[in-house]
Amino acid sequence: MRHSTSCLFALALAGCAGKPPVAPAGGAPPPGADQEVTTFLATQSATLALLDKNANLAWYEASIAGTDEAFKNSETRDGERNRFLADPELFKQVKAYRDGGKVTDALQKRQLDVLYLWMVGKQVPPEMLARITTLEKQVEQAFNTFRGKIDGKEVSQNQLNDILRTATDAKKLKAAWEAQKAVAPAVAPTLKELVKLRNEVARTLGYRDFYALRIAESEQDEDKLLALFDELDKLTRAPFLKAKEDLDQRLAKRLKLKPADLMPWHYQNAFFQEPPDVFATGLDAVYNKQDTLALCKAFYAGIGLDVDPVVERSDLFEKPGKTPHAFEVSIDRTGDVRVLGNIVAGQEWQSTMVHELAHAMYDAYIAPDLPWLLREASHPLATEGMAMMFDRLVENPLWAEAMGIVDAAARDKALPEARARAAFAPLQFSRWTQVMLRFERAMYADPDQDLNKLWWDLVEEYQGLKRPKDRNAPDYASKIHLVVAPVYYHNYMMGDLFAAQVHETIAAALGKPPFETVYVGEPKVGELLKTKVFAPGRRLHFEALALAVTGKPLTAEAFARRFGP
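Computed from a prediction, not measured in an experiment: that's the story for all the values here.

S.K.: Looking at this structure, how should I read the overall build of the chain?
M.R.: Looking only at helices and strands, one finds 23 helices and four strands in the chain. The C-alpha radius of gyration computed for the chain amounts to 23 Å, which stays within 12% of the reference 24 Å derived for 565 residues, consistent with globular compactness. Its C-alpha atoms put the chain at 70 × 55 × 45 Å along the principal axes. Taking all 565 residues of the chain together, the buried fraction comes to 60%. Considering only contacts within the chain whose residues lie at least 6 apart along the sequence, 79% involve residues at least 24 apart.

Quick look at the structure:
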């Protein structure tokens, strides 16, 4: 499901699909590298590589099975990895090498930085980490196995989405919206306990709270991040409210309501994070008739990216007990890249699979000769950005035409509405990420405040939705990211900035306007991404990556041009 819940676990555990495995240490040390540090990093990387592989595989299998046994195994494997990362003597050695001033080789220094960031948040009593892991697995299992109910009948996530998208009866829409939120009361108490435990970890390590710790672990500056989101708020507020007036008119007409009577369940999405289906492009009907996977394979093959090995390893259709969402994971950083999905033909899952396979291609084409610690994406925002850059192509009639599934007449009929949707989508998503960033930061600052009120205060302020009268439910807790991917969501917005900038660079290289740049049959697009974005892995900090790929620092300028005049 794209940035909604599809990629919360896409923290870039990278490999090189279809190529022979390489040694975890990444081969012979470069000239000038310290041999003692080389040996140390090789030894620790080999141990961590095995623990990480076991944990990733157990988690992937639990996400499919949904059973107590599978989640207990996942908890056990996570615990084994955590105990390694929590080793105080090992951490002391990492810090000594990292901060001692004797290591001058850039690749070694980067590996030490990355290993330090893996370990710093684990330097607390092991029983505390174990308790956090247990609670996280309990909540994750609750989300994975939860199915909402309407009139006492269990319905799948795909069915709920279909009701929200197609129904016009107010009672049905409200019932579907509430069914999606019904997991929240069950998990909210555990989430609050997790927040307090995470804060205890952070304060033990000298951080203000867990939010500050996670930002530091992500190599981001909190002041700069908040300043950027303040800038985005000013940039998007007026155009969003103006565009939403038009959207509300469209929705009200469809539902035979007055715009002033629209409520959150009328917007076709549990969190109003993607545009409602009121832009009459006709593309959903087209995608309903397509083979979702075949279209993905053809597209990626046409730009020189091979998704077949990933698809063969993946689990892509609905099953009882399986998580209803989607994600991508590199199991071992040496080629075993997989996607989990629940494909149903239509535009939503077409976009989702293009998105998840973009994550997979990032992981698959990271340079295999990099040291194991650096065989992951430069930063979560980089892999999220690339996935969003690709998935929005599906909404473009020019992409559909280039893929041979609509003719010129259908393309021209769809284009005006598609352009309107393409202008609204970044505004809407930006406003939604404001809610997530500000809610999460405030929740960790004071988990005992009235979180139900805080959530709807922010939704009203940044998304312009009405708070349901007399509703007092922990709706925030139905957002899985808050539980299993804490302090991560802002990276989707940062990724969107990166995506806009990279897309403009590709468009310039192809000599086309950005909206008309759809990549189909352009191998040079795949080559550019493989060599400039994917291959460097985590060797480059995300700010250095943006500069290397686009020639500019990461800013909101290209993003603003997506909805500007």
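S.K.: Please clarify how the pattern of salt bridges should be interpreted in this entry.
M.R.: Should the charged atoms of two oppositely charged side chains come close, the side chains can pair. Tallied over the entire structure, the rule returns 45 salt bridges. When the shortest N-O distance is used, the salt bridge between Glu 80 and Arg 77 registers 3.1 Å. Residue Glu 80 and its partner Arg 77 are located together in helix 2 (residues 68-85), separated by three residues, close to a single helical turn. With a shortest N-O distance of 2.6 Å, Lys 319 and Asp 315 are connected by a salt bridge. Among the residues examined, Asp 315 registers a relative accessible area of 13% and is labelled buried.

S.K.: Quick question: what am I supposed to make of the pairing of strand 3 (residues 327-330) here?
M.R.: Note on strand geometry: in a regular strand, side chains alternate between the two faces of the sheet. Here strand 3 shows a buried face lined by Phe 327 and Val 329 and a second buried face lined by Glu 328 and Ser 330. With four bridges connecting them, strand 3 and strand 4 (residues 337-340) associate as antiparallel partners. The residue bridging Glu 328 from the neighbouring strand is Val 339, located in strand 4. Between strand 3 and the antiparallel strand that follows it, strand 4, lie six residues; Arg 333 among them carries a positive phi value of about 65°.

S.K.: Explain the environment of Val 344 here, please?
M.R.: Within the secondary structure layout, Val 344 lies in the loop between strand 4 and helix 14 (347-364). We classify Val 344 as partly exposed; its relative accessible area is 36%. On a C-alpha basis, the gap between Val 344 and Glu 318 in space is 8.6 Å, while along the polypeptide they are 26 residues apart. Sequence-distant contacts of Val 344, defined by excluding residues within four places in its chain, comprise Asn 158, Glu 318 and Trp 349.

S.K.: Would you mind going over the packing of aromatic side chains with me for this structure?
M.R.: For any pair of aromatic rings, geometry is given as the distance between the ring centres together with the angle between the planes. One pass over the structure, following the stated rule, counts 27 aromatic pairs. Plain terms: the ring middles of Tyr 362 and Phe 534 are 4.8 Å apart, the flat faces sit at 35° to each other, and that makes the pair tilted. In this pair, Tyr 362 sits in helix 14 while Phe 534 sits in helix 21 (residues 523-534), placing the two residues 172 residues apart along the sequence. The pair Tyr 362 / Phe 534 is uniform in exposure class, with both members buried. Between Phe 390 and Tyr 519, the ring centres sit 5.5 Å apart and the planes meet at 75°, which makes this aromatic pair edge-to-face. With Phe 390 in helix 15 (residues 380-391) and Tyr 519 in the loop between helix 20 (490-510) and helix 21, this residue pair connects regions lying 129 residues apart in the sequence. The two residues Phe 390 and Tyr 519 agree in class, both being buried. Here a set of aromatic residues connected by ring pairs shows up, and it is made of Phe 271, Phe 429, Trp 432, Phe 439, Trp 455, Tyr 476, Tyr 488, Tyr 489 and Tyr 492. Here the guanidinium or amino end of Arg 98 rests over the ring plane of Tyr 116, the centre of that ring lying 3.9 Å away.

S.K.: I would appreciate a short explanation of the nonpolar core in the present structure.
M.R.: The nonpolar side chains of a soluble globular protein tend to be buried with one another. Ranked by size, the top nonpolar core spans 151 residues in total, and within it Tyr 300, Met 361, Phe 390, Trp 455 and Leu 529 carry the most contacts. In terms of residue count, the dominant contributor to this core is helix 17 (residues 408-445) (11 residues). Each residue touching Tyr 300, except ones within four places of it in the same chain, is listed here: Leu 305, Val 307, Val 354, Leu 357, Ala 358, Met 361 and Phe 390. Ranked by size, the runner-up nonpolar core spans 24 residues in total, among them Leu 48, Leu 90, Val 103 and Leu 374.

S.K.: So what exactly am I meant to see when it comes to helix 1 (residues 35-65) here?
M.R.: The terminal C-alpha atoms of helix 1 lie 45 Å apart, and with 31 residues this matches the ideal 45 Å at 1.5 Å per residue to within 8%. Capping of helix 1 at its N-terminal end is provided by Asp 34; its side-chain oxygen lies 2.9 Å from the backbone amide nitrogen of Glu 36. Remark: Gly 66 follows helix 1 within two positions and exhibits a positive phi of approximately 75°.

S.K.: Just to check I follow, could you spell out the packing of helix 17 against helix 18 (residues 451-463) for this structure?
M.R.: Each pair of packed helices gets described by two things: the angle between the helix axes and the distance between those axes. One can describe the packing of helix 17 onto helix 18 by two numbers: an axis separation of 9 Å at closest approach and a directional angle of 150°. Between helix 17 and helix 18, the crossing angle belongs to the class labelled roughly antiparallel. Helix 18 is crossed by helix 17, and the crossing has right-handed handedness. Where helix 17 approaches helix 18, its residues Arg 431, Trp 432, Gln 434, Val 435, Met 436, Arg 438, Phe 439, Ala 442 and Met 443 are matched on the opposing element by Leu 451, Leu 454, Trp 455, Leu 458, Val 459, Glu 461, Tyr 462 and Gln 463. Counted by class, the contact of helix 17 with helix 18 contains 12 nonpolar, two polar and three charged residues.

S.K.: Just to check I follow, could you spell out the environment of Phe 40 for this structure?
M.R.: Among the structural elements, Phe 40 can be located in helix 1. For the pair Phe 40 and Val 94, spaced 54 residues apart in the sequence, the C-alpha separation amounts to 9.1 Å. Residues contacting Phe 40, with those up to four places away along its chain left out, are Leu 90, Gln 93, Val 94, Tyr 97 and Leu 112.

About the thresholds
Residues numbered from 1 in each chain as written. Predicted model: local features only at pLDDT ≥ 70, side-chain atom pairs only at ≥ 80, totals over all residues. Heavy atoms only, no water. Helix = DSSP H or I, 4+ residues; strand = E, 2+ residues; numbered from the N terminus. Rg over C-alpha atoms; globule rule 2.2 N^0.38 Å. Buried < 20%, exposed > 50% of the residue type's maximum accessible area, 1.4 Å probe, protein only. Contact = heavy atoms within 4.5 Å. Salt bridge = Lys/Arg side-chain N within 4 Å of Asp/Glu carboxyl O. Pairing = 2+ DSSP bridges. Phe/Tyr/Trp six-rings, centres within 6.5 Å; stacked < 30°, edge-to-face > 60°. Lys NZ or Arg CZ within 6 Å of the ring centre and 35° of its normal. Core = buried A, V, L, I, M, F, W, Y, C linked by side-chain atoms within 4.5 Å. Expected span 1.5 Å × (residues − 1). Polar contact = N/O pair within 3.5 Å; in protein donor to acceptor, adjacent residues only side chain to side chain. Axes fitted to C-alpha atoms, helices over the stretch in contact; angles between N-to-C directions. Parallel < 35°, antiparallel > 145°, perpendicular 65-115°, else oblique. Left-handed = near helix turned anticlockwise from the far one by under 90°. Nonpolar A, V, L, I, M, F, W, Y, C, P; charged D, E, K, R; others polar.

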